[in-house]
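Listed below are the residues making up each chain.
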Amino acid sequence: MRNLDHYTITEAVLARHAQAANPRLKTVLDSLVKHLHAFARDVQLTEDEWFQGIAFLTRCGHITDARRQEFILLSDVLGLSMLTTAMNNDKPAGCTEATVFGPFHVDGAPHYELGADIANGAQGIACTVSGTVRGIGGEPVPHASLDVWQSDADGLYDVQHEDIDHAQARGILHTDAQGRYHFHSILAVPYAIPHDGPVGDLLQAAGRHPWRPAHLHFMIKADGYETLITHVFRGDDPYLDSDAVFGVRQSLIADWKEQPDGSYRVDYDFVLNPVAARGTKGHA
C-alpha cells in the first residue's frame, strides 16, 4: 500500500498482522498499534520527541544488567506493574492481596530453618517476624515456602552492594505443621528506588520522588494454592500514601512494635487462595 497518511497508516499496519498464526499475539499487537498510533496523534508527537523517547529506552537497556533491571523500574513508576498485578490477582475477599514483584528478587536464595536469622550480616536494627499461613477456609497451610527479601539499613538490597558476594536479608523458610512461621532479620526502612539513571531522570522531570515505604517482600508457594507475591508495610512510614511504584494496599500495612531491648517485632498472617477458587464469586 502506497501514499499512506497519518490516519490510513494504522489500518495498513493492522492488515500486515492479519495472518499472524498466534491469535493472542495478533490481539496484543493490534491493540498496541491502535493505542500507540492514537497516543501519537493525541499529543501531536514530534519527530524530535520520538527520537528522545528512543534514546531514553536505549539508555534503559544499556544500564540494565544482572544487578539492575531498569525496565522493571520503568514499569513500576508508570503504574503498569501494579495494574498488571491487580488485573491478574483478583482473589476472594479475605485473601491476602498481591502487590508488585520488584526488581531485586534473586533465584536460589539460601534456605533457613524456622527461627533463623536471615540478615546474615546485613546492617540494621534487629527485628523478629512471625505469623501464620492459612487458606481462605481458615485451614493452616503446612510446609508452605516463604521466599523473603528486604533492604538493609542503608536502603540497599544485597545485590546493590558490589562488595557483597553472599546473600543478606533474604532467604527461604517453610511453615511448620500448623502453618506457622518465624524468623529474625532487620528492621525494614524506607528507601529510594535507583534513580541515578533514565528512570530517575523521568521522575525528576515529572516532579516526583523516588521513595518507597518500608516493607518486607514475600513470595509464598504451597501445593494446592495460588502463589502469592506481596509486601508487608510498616504502618508508621511517611511514604505510604506516595509510594513511587503504587504498591501499597491498606490490608498489607502492619505495626512494627519496638521491644524493651530496642529490637522490633512484626506479626502478620497470610491467607492463600486455593487454585480451584480462581473465578469464584465475591472477589475483592
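Please read these numbers as outputs of a predicted model, since none were measured by experiment.

> Would you mind going over the layout of surface pockets with me for this structure?
Estimates place the volume of the largest pocket at around 650 Å³. Lining the largest pocket are 19 residues, and of these L36, F39, W50, L57 and L78 sit closest to its centre. Looking at the lining of the largest pocket, the elements with two or more residues in it are α2 (23-43), α3 (47-63) and α6 (198-205). Tallying contributions element by element places α3 first for the lining of the largest pocket, with eight residues. For the lining of the largest pocket, a count of residues per class yields 12 nonpolar, four polar and three charged. Among the domains, domain 1 (1-45) and domain 2 (74-272) are the pair contributing at least three residues each to the lining of the largest pocket. Computed from the structure, the second largest pocket encloses a volume of approximately 410 Å³. Surrounding the second largest pocket, 13 residues form its lining, L36, H37, A40, R41 and L45 being those nearest its centre. When contributions to the lining of the second largest pocket are tallied by element, the ones reaching two or more residues are α2 and α3. Broken down by element, the lining of the second largest pocket gets its largest block of residues, five residues, from α2. Within the lining of the second largest pocket, the residues separate by chemical class into seven nonpolar, four polar and two charged.

> Hey, could you run me through the UniProt feature "domain: Intradiol ring-cleavage dioxygenases" (unreviewed entry) in the protein chain in this one?
The UniProt entry lists residues 129-157 under the feature "domain: Intradiol ring-cleavage dioxygenases" (unreviewed entry), expressed in the numbering used here. Secondary structure across residues 129-157 comprises 0% helix and 41% strand; the distance between its end C-alpha atoms is 18 Å.

> Help me out: how do you make sense of empty space enclosed by the protein in this one?
The gaps of empty space that remain are located by a probe, the size of a water molecule, rolled over the atoms. Evaluation of the coordinates by the stated rule reveals two cavities of 30 Å³ or more. Approximately 70 Å³ is the volume attributed to the largest cavity. Lining of the largest cavity is provided by L73, D76, G102, P103, F104, Y157, Y191, I193, R212, H217 and V245. Residue composition of the lining of the largest cavity, grouped by class: seven nonpolar, two polar and two charged. Every residue lining the second largest cavity is listed: A122, Q150, S151, D152, L156, Y157, D158, H161, I164, Q168 and A169. Considering only residue class, the lining of the second largest cavity consists of five nonpolar, four polar and two charged.

> I'm lost on the packing of aromatic side chains in this one. Help?
Given two aromatic rings, one states the distance between the centres and the angle between the planes to describe the pair. One pass over the full model with this rule turns up 10 aromatic pairs. Aromatic side chains F104 and Y157 sit 4.6 Å apart centroid to centroid with 15° between the ring planes, which places their arrangement in the stacked category. Taken together, the residues span a long stretch of sequence, with F104 in the loop between α5 (80-88) and β1 (126-135) and Y157 in the loop between β2 (145-149) and β3 (170-174) at a distance of 53 residues. Side by side, F104 and Y157 carry an identical accessibility label, which is buried. Between the aromatic rings of W211 and Y239, the centroid separation amounts to 5.4 Å while the plane-to-plane angle is 5°, which identifies the pairing as stacked. Of the two residues, W211 is situated in strand β6 (residues 211-212) and Y239 in the loop between β8 (228-234) and β9 (253-254); the sequence distance between them amounts to 28 residues. For W211, a relative accessible area of 32% corresponds to the partly exposed category.

Each value, and the rule that gives it
Per-chain numbering applies: the sequence of each chain, read as written, is numbered from 1 onward. Where totals are concerned, whole chains, interfaces and linings use all residues; where local detail is concerned, this predicted model gives features only for residues with pLDDT of at least 70, and gives and counts side-chain atom pairs only at 80 or more. Note that the side-chain values use all heavy atoms of the structure and ignore hydrogens as well as water. Using only the protein atoms, space was sampled on a 1 Å grid; points where a 1.4 Å probe fits but cannot get out form cavities, open sets with protein on both sides within 12 Å along at least five of seven lines form pockets, and lining residues are those with an atom within 4 Å of a point. Grid points are joined across faces, edges and corners, and a volume is the space filled by probe spheres set on the points. Working definition: helices are DSSP H or I runs of at least four residues, strands are E runs of at least two. Numbering for both runs from the N terminus. Note on residue categories: nonpolar means Ala, Val, Leu, Ile, Met, Phe, Trp, Tyr, Cys or Pro, charged means Asp, Glu, Lys or Arg, and polar means any other residue, Gly included. Boundary definitions for the domains trace back to an automatic or database domain assignment. UniProt positions are given in the numbering used here, feature names are shortened, and annotations may be inferred rather than shown by experiment. Two rings from Phe, Tyr or Trp (for Trp, the six-membered ring) form a pair when their centres are within 6.5 Å of each other. A pair whose planes differ by under 30 degrees is stacked, one over 60 is edge-to-face, and the rest are tilted. To sort residues, take the accessible area from a 1.4 Å probe on protein chains only and compare it with the maximum for the residue type: under 20% means buried, over 50% means exposed, and anything in between is partly exposed.

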